Amino acid sequence: MKRTHIVILVAIAIAIGGLLMLSADFSTYDTISSAKQKQGKYVHLIAKLDKSVPLDYDPAKNPNYLSFTAVDSLGGSTKVVYHNTKPTELEHSERIVLKGKMQGEVFECSEILLKCPSKYKDDKKQLEKAATTN
């Protein structure tokens, strides 16, 4: 094996390793209390919308400002600020995944993922129908 072949193989291995490091998402889900301890770090939260506190969203005033209160499974709550349009079905989602950073007592959210209950109800009905036909 020539020296150039070895250099090319090492370069390819380094390139593959670099691509894997860039594409891998090593983050885990945090609770609100653990996110408060990681001030300024990018975290993922799983929470529910606190429906007892009204949403602050006025598209006529500022369509890119949404504020609401999120509650996690341990009972921790925080105010969430999202600088984008309000996701449809936010009020109807069972759980929401919030991606962003804690800044003091406020979670600055950069992305919201919704778990829509109606999406999974159809799957459950199809599973029941398939089970009865078999």
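In this text the structure is predicted, and so the values were computed from the model without any measurement.

1. What about the overall build of the chain?
Here's step 1: A tally of regular secondary structure across the chain gives three helices and six strands.
Here's step 2: Residue pairs at least 24 apart in sequence account for 48% of intrachain contacts in the chain once pairs closer than 6 positions are excluded.

2. Points about the pattern of salt bridges
Here's step 1: Enumeration over the complete set of coordinates arrives at four salt bridges.
Here's step 2: Note that Lys 99 is salt-bridged to Glu 111, the shortest N-O span being 3.8 Å. Note that Lys 99 is positioned in strand 5 (residues 95-103) and Glu 111 in strand 6 (residues 106-115), a separation of 12 residues in sequence.
Here's step 3: Lys 99 gets classed as buried once you look at its relative accessible area, which sits at 16%.

3. Concerning the nonpolar core
Here's step 1: Phe 68, Val 80, Leu 98, Phe 107, Cys 109 and Ile 112 are the most contacted members of the largest nonpolar core, which has 18 residues in total.
Here's step 2: When contributions to this core are tallied by element, the ones reaching two or more residues are helix 2 (32-37), strand 2 (42-49), strand 3 (66-71), strand 4 (77-82), strand 5 and strand 6.
Here's step 3: For this core, the leading source of residues is strand 2, giving four residues.
Here's step 4: With sequence-adjacent residues up to four places away left out, Phe 107 is seen in contact with Val 43, Leu 45, Thr 78, Lys 79, Val 80, Val 81, Leu 98, Lys 99, Gly 100, Lys 101 and Met 102.

4. Here's the deal with a nonpolar patch on the surface
Here's step 1: Together, Met 1, Ile 6, Ile 8, Leu 9, Val 10, Ile 12, Ile 14, Ile 16 and Leu 20 line one region of the surface with nonpolar side chains, adding up to about 940 Å² of accessible area.
Here's step 2: Judged by relative accessible area, which is 55%, Leu 20 ranks as exposed.

Each value, and the rule that gives it
Residues numbered from 1 in each chain as written. Predicted model: local features only at pLDDT ≥ 70, side-chain atom pairs only at ≥ 80, totals over all residues. Heavy atoms only, no water. Helix = DSSP H or I, 4+ residues; strand = E, 2+ residues; numbered from the N terminus. Contact = heavy atoms within 4.5 Å. Salt bridge = Lys/Arg side-chain N within 4 Å of Asp/Glu carboxyl O. Buried < 20%, exposed > 50% of the residue type's maximum accessible area, 1.4 Å probe, protein only. Core = buried A, V, L, I, M, F, W, Y, C linked by side-chain atoms within 4.5 Å. Patch = residues over 30% accessible without salt bridge, like charges linked within 9 Å, V, L, I, M, F, W, Y side chains within 5 Å. Areas by Shrake-Rupley, 256 points an atom, 1.4 Å probe, with all protein chains shown as cover.

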